[in-house]
Amino acid sequence: MARLGTETAFEVLVKARALEAKGRDVVHLEIGEPDFDTPRNIIDSACDALHNGFTHYGPSAGLPQLRETIAQYVSETRGVNAAPEEVVVVPGGKPIIFFVLLALAEEGDEVIYPNPGFPIYESMIDYVGAKAVPIRLREEMDFRLEVDELAGLIDDRTKLIIINSPQNPTGGVLEKKDIDGIARAVGDRNIMVLTDEIYSRLIFEGEHHSIMSVDGMKERSILLDGFSKTYAMTGWRMGYGVMRADLATHVARLMTNSVSCTASFSQMAGIEALRGPQESVEAMCAEFKKRRDVMVAGLNKIKGFSCRLPKGAFYVFPNITGTGWPSKKLADALLEEAGVAGLSGTAFGDFGEGYMRFSVANSIENIEKALKRIGNWTQKNL
Ligand SMILES: Cc1ncc(COP(=O)(O)O)c(C=O)c1O
């Protein structure tokens with residue numbers, strides 16, 4: 001258990017709530033979830049499913065009708081031929097990380113993962129006893145990775161490479177040439193790629209490129225996607241993986257051994273999410289873009305902060321080295337003294353030192369309030 005890490009966002013949320021309980025006002029920019037409600041048509045279809053008897057256990061790999069819908073959606077959006085047997089529905093995107101690492105990596109194996117990156121990757125690689133090999137995301141490349149550097153990290157022990165685009169915490173988006181380069185670096189070696197595309201529908205500039213779409217890569221790719229971010233469904237716990245059918249069978253068995261299945265009525269709502277009107281996704285994305293613009297412009301006016309314009313997801317990742325403060329100390333001070341909850345870059349790995357992450361899943365009004373508070377705090381303290 002000592003090897004298992006955590007996701008600091010939940011801890012900062014608890015700390016912020018404790019301050020609020022003492023009467024302090026806190027602007028919440030720490031947690032990574034849309035502040036919007038789940039679209040009405042999806043809620044209605046879950047209610048209908050409950051009334052229609054979807055209150056029982058279902059197959060571990062997911063209801064056949066949802067697996068079919070996901071296979072179709074992935075085939076269309078990634079330009080591949082995905083079959084229902086290659087889909088496993090799980091409670092949230094996170095279990096795919098957990099199950100895939102349990103299934104594929106063990107002591108003696110190496111797993112390459114983005115750093116700064118979603119903390120559960122490193123935590124789970126350590127937990128299964130494999131060696132976590134970080135690939136640094138570079139600010140000067142808008143937080144993309146350097147493909148040659150990645151190629152240099154691959155060796156005979158490399159079992160899995162994890163990539164994530166659009167990226168948490170930086171908002172970086174991999175370009176077509178990066179994806180092609182990664183596929184070339186993998187070549188015909190016996191290496192799988194876990195491609196975390198949970199933010200694929202939240203892109204502000206450019207397009208989403210999946211490594212699954214590259215010729216010859218479908219068999220080596222495990223796609224992670226889900227409903228949490230795209231349809232504001234974080235509390236529903238709905239996600240999925242798409243992978244070779246033999247691996248999908250193993251992951252489904254891990255489902256049987258852990259949670260049995262994903263909630264049946266949620267799965268029925270998932271069909272409506274993918275097949276129903278998509279305007280709410282576009283509206284949310286447009287709103288995140290507006291907020292991003294306000295946040296980045298505001299941060300760049302504050303002493304010691306410099307912030308690139310993220311191309312996707314709903315986070316900004318300013319460089320704070322100009323403040324002269326270490327990230328964790330600065331994040332603590334901003335929460336306790338300024339009433340702004342954000343995360344230290346180090347919550348996302350060692351290469352997050354010198355940065356902070358703020359989520360823009362909050363109103364423009366609150367974002368402006370946070371900017372004012374951070375500005376006042378820096379004037380007093382720097
Ligand atoms: C990169 C990334 N992958 C996966 C997840 C997990 O999403 P879910 O809430 O669907 O488990 C998150 C959530 O923050 C994330 O940022």
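## Focus on the sheet that holds strand β5 (residues 144-145)
Line of reasoning, step 1. Pairing in this open sheet of eight strands is mixed, and the strands run β2-β9-β8-β7-β6-β3-β4-β5 from one edge to the other. Unpaired on one side and paired on the other, β2 (87-90) and β5 mark the two borders of the sheet.
Line of reasoning, step 2. Sheet topology places strand β3 (residues 110-115) next to strand β4 (residues 131-138); six bridges connect them, and they run parallel. Paired with Glu110 across the strands is Lys131, a residue of β4.

## Digging into the packing of aromatic side chains
Line of reasoning, step 1. This structure, assessed with the given rule, holds 13 aromatic pairs.
Line of reasoning, step 2. Sitting above the plane of the Trp325 ring, Lys329 keeps its charged end 4.6 Å from the centroid.

## Description of the pairing of strand β8 (residues 221-226)
Line of reasoning, step 1. Of all six residues making up β8, six are buried, and the element is well covered by its neighbours.
Line of reasoning, step 2. Of the two faces of β8, the one lined by Ser221, Leu223 and Asp225 and the one lined by Ile222, Leu224 and Gly226 are each fully buried.
Line of reasoning, step 3. Pairing analysis gives four bridges linking β8 to strand β9 (residues 239-242), with the strands arranged antiparallel. Within β9, the residue paired with Leu224 across the bridge is Gly241.

## Quick word on the layout of surface pockets
Line of reasoning, step 1. Its volume calculated, the largest pocket comes out at about 440 Å³.
Line of reasoning, step 2. Considering the residues around the largest pocket, the lining is formed by 24 residues, among which Glu7, Gly32, Lys94, Phe118 and Lys229 are closest to the centre.
Line of reasoning, step 3. Secondary structure elements with two or more residues in the lining of the largest pocket: α1 (8-21) and α4 (94-104).
Line of reasoning, step 4. Sort the elements by how many residues they give to the lining of the largest pocket and α1 lands first, with three residues.
Line of reasoning, step 5. A class-by-class count of the residues in the lining of the largest pocket yields eleven nonpolar, six polar and seven charged.

Cut-offs and rules
Within each chain, residues carry numbers counting from 1 in the order of the written sequence. Local features in a predicted model are, by the rule used here, given only for residues with pLDDT of at least 70; side-chain atom pairs are given and counted only at 80 or more, and totals for whole chains, interfaces and linings are based on all residues. Hydrogens and water molecules were not included; the side-chain quantities draw on all heavy atoms of the structure. Think of it this way: DSSP has to see at least two bridges between two strands before they count as a pair. Comment: elements are numbered from the N terminus, with helices defined as DSSP H or I runs of at least four residues and strands as E runs of at least two. Between rings of Phe, Tyr and Trp, where Trp is taken as its six-membered ring, a pair exists when centres lie within 6.5 Å; planes separated by under 30 degrees are stacked, by over 60 edge-to-face, and by other angles tilted. Over a ring means this: the NZ of a Lys or the CZ of an Arg is within 6 Å of the ring centre and within 35 degrees of the ring normal. Exposure categories follow from relative accessible area, calculated using a 1.4 Å probe and restricted to protein chains: below 20% of the type maximum is buried, above 50% is exposed, and the middle band is partly exposed. Only protein atoms enter the 1 Å grid used here. Points where a 1.4 Å probe fits but cannot escape make up a cavity, open sets with protein on both sides within 12 Å along at least five of seven lines make up a pocket, and a residue lines them when an atom lies within 4 Å of a point. Grid points are joined across faces, edges and corners, and a volume is the space filled by probe spheres set on the points. Lys, Arg, Asp and Glu make up the charged group, whereas Ala, Val, Leu, Ile, Met, Phe, Trp, Tyr, Cys and Pro make up the nonpolar group; the residues left over, Gly among them, are polar.

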